[in-house]
Amino acid sequence: MIVYTQPMKFQGFEVSEEEKCSFKMSSFPETSALGYLKSQAIEFVNYNKRQLSRIYPKGSRVDSSNFMPQVQSSVLLIST
């Protein structure tokens, strides 16, 4: 099975809800993803039910000693 995705700039949860394009994927910096989890958790979970998202660590991080992917991955697990 092959899955094609198209990277796209995140324009908001409302826009992605209206478009309903499951093949589009947005990337989020770690800080933005945590902000969305705090302020718009339900919208972020619903977004991940429809389409893929990718969360990458801050650029200042040189190792993974304090990166906690469990926080972000819990959104992905809840949405499945």
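Structural notes, computed from the coordinates. These numbers were taken from a predicted model, which means no experiment stands behind them. (Residues numbered from 1 in each chain as written. Predicted model: local features only at pLDDT ≥ 70, side-chain atom pairs only at ≥ 80, totals over all residues. Heavy atoms only, no water.)

### Considerations on the sheet that holds strand E3 (residues 52–56)
Now for step 1: Spatially, the three strands line up as an open sheet ordered E1-E2-E3, and their pairing is parallel. Of all strands in the sheet, those bounded by a partner on one side alone are strand E1 (6–7) and E3.
Now for step 2: Taken together, the five bridges between strand E2 (residues 24–29) and E3 define a ladder with parallel strand orientation. Residue Ser27 lies in a different strand from E3, and its bridge partner there is Arg54.
Now for step 3: Contacting E2 and E3, helix H3 (residues 41–50) runs over the sheet at an angle of about 120° to E3. (Pairing = 2+ DSSP bridges. Helix = DSSP H or I, 4+ residues; strand = E, 2+ residues; numbered from the N terminus. Contact = heavy atoms within 4.5 Å. Axes fitted to C-alpha atoms, helices over the stretch in contact; angles between N-to-C directions.)

### Describing helix H2 (residues 30–39)
Now for step 1: Taken together, the buried positions of H2 are occupied by Glu30, Ala33 and Leu37. With its buried residues spanning 65° around the axis, H2 presents them on a single face. Exposed and facing more than 90 degrees away from the buried side of H2 are Lys38 and Ser39. (Buried < 20%, exposed > 50% of the residue type's maximum accessible area, 1.4 Å probe, protein only. Arc of directions from axis to C-beta.)

### Some remarks on the packing of aromatic side chains
Now for step 1: Enumeration over the complete set of coordinates arrives at 11 aromatic pairs.
Now for step 2: With 5.0 Å between their ring centres and 65° between their planes, Phe10 and Phe13 make a pair best called edge-to-face. Take Phe10 and Phe13: they sit in the same class, and that class is buried.
Now for step 3: Ring geometry for Phe13 and Tyr47: centres 6.0 Å apart, planes at 70°, overall edge-to-face. You can see Phe13 sitting in helix H1 (residues 13–19) and its partner Tyr47 sitting in helix H3, a full 34 residues away along the chain.
Now for step 4: On the basis of relative accessible area, Phe13 is assigned to the buried category, the value being 6%.
Now for step 5: Among the aromatic side chains, those forming a connected cluster through ring pairs are Phe10, Phe13, Phe28, Tyr36, Phe44 and Tyr47. (Phe/Tyr/Trp six-rings, centres within 6.5 Å; stacked < 30°, edge-to-face > 60°.)

### Thoughts on the side chain of Asn48
Now for step 1: Mapped onto the elements, Asn48 comes out in helix H3.
Now for step 2: Given a relative accessible area of 11%, Asn48 falls into the buried group.
Now for step 3: There is a polar contact of 2.5 Å between the side chain of Asn48 and the side chain of Ser53. (Polar contact = N/O pair within 3.5 Å; in protein donor to acceptor, adjacent residues only side chain to side chain.)

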